[in-house]
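Residue-level structure breakdown
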Amino acid sequence: MGISNSAHWFGIILTGENMLEEDLVLTLNTPVLDRAEFYFIQNNQIIRRSVVGDTIPLAELDYPYRIPVVPFHLNAQEVETRIFMRATSAVGVEIPLTLTTLGQFTAEQQSTMPFLGGLLSLFTLCFLFSGILYCFMRDTPFLAYTMFFGVAVIFFLTQTGLGRIWIWGENGEANSRISMLSGCLLLASFCLIG
């Protein structure tokens, strides 16, 4: 983890004959990361380069998803694959890197998505309910609650990557900017509430 104007470099080495036929994926469970470049190296040569991040339009990604996902294969036997990653971000660099298979990844995401959908629905209903109460009662606390839940929905969309998939996917840097703006408005709504 870190915040800096410079790039952060990370490296891992993968070997294993039992993974040769698997559809492997590297995942970064952080939707708010400007840019991460993956370099796959075998026999001291770059065999593949992949770029992910929320500044890259969805159409240009190898695997467009709400979080950065890089699919790859281990091809050669008895040859280790070195993976170097260069990460840059204006908001901060957090690298929860996971190596898994495509089947395991989709199974894990299928169990996560109902929870995220339920939470998004709850916050949206609270936003609508408090907005209706404010319209009828014109009471200032209901305006603060309406602002809190409305901004919380937007912040939730940026932090989960769902907003990038549904709304602003082709607009580079929108996720980071909307995340920072909604975070500030969320703090302002706390001040109005209490």
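One can find the structure itself at the top, above this paragraph.
Residues numbered from 1 in each chain as written. Predicted model: local features only at pLDDT ≥ 70, side-chain atom pairs only at ≥ 80, totals over all residues. Heavy atoms only, no water.

Looking at helix H1 (residues 102-137)
In a regular helix each residue adds 1.5 Å, so 36 residues correspond to 52 Å; H1 covers 51 Å between its end C-alpha atoms and thus fits that length. Taken together, the buried positions of H1 are occupied by Phe 105, Gln 109, Leu 116, Leu 120, Ser 130 and Gly 131. Against the buried residues of H1 lie strand E2 (24-28), strand E5 (69-72), strand E7 (97-101), helix H2 (140-160) and helix H3 (162-166). Two residues or fewer past H1, Arg 138 is found with a positive phi of approximately 55 degrees. (Helix = DSSP H or I, 4+ residues; strand = E, 2+ residues; numbered from the N terminus. Expected span 1.5 Å × (residues − 1). Buried < 20%, exposed > 50% of the residue type's maximum accessible area, 1.4 Å probe, protein only. Contact = heavy atoms within 4.5 Å.)

Thoughts on the sheet that holds E7
On the basis of which strands lie adjacent, the open sheet formed by 3 strands has the order E5-E2-E7 and antiparallel pairing. Only two strands of the sheet have a single neighbouring strand rather than two, namely E5 and E7. In this sheet, adjacent strand axes meet at a mean angle of 20 degrees when their direction is disregarded. With 4 bridges joining them, E2 and E5 adopt antiparallel strand pairing. Within E5, the residue paired with Leu 26 across the bridge is Val 70. (Pairing = 2+ DSSP bridges. Axes fitted to C-alpha atoms, helices over the stretch in contact; angles between N-to-C directions.)

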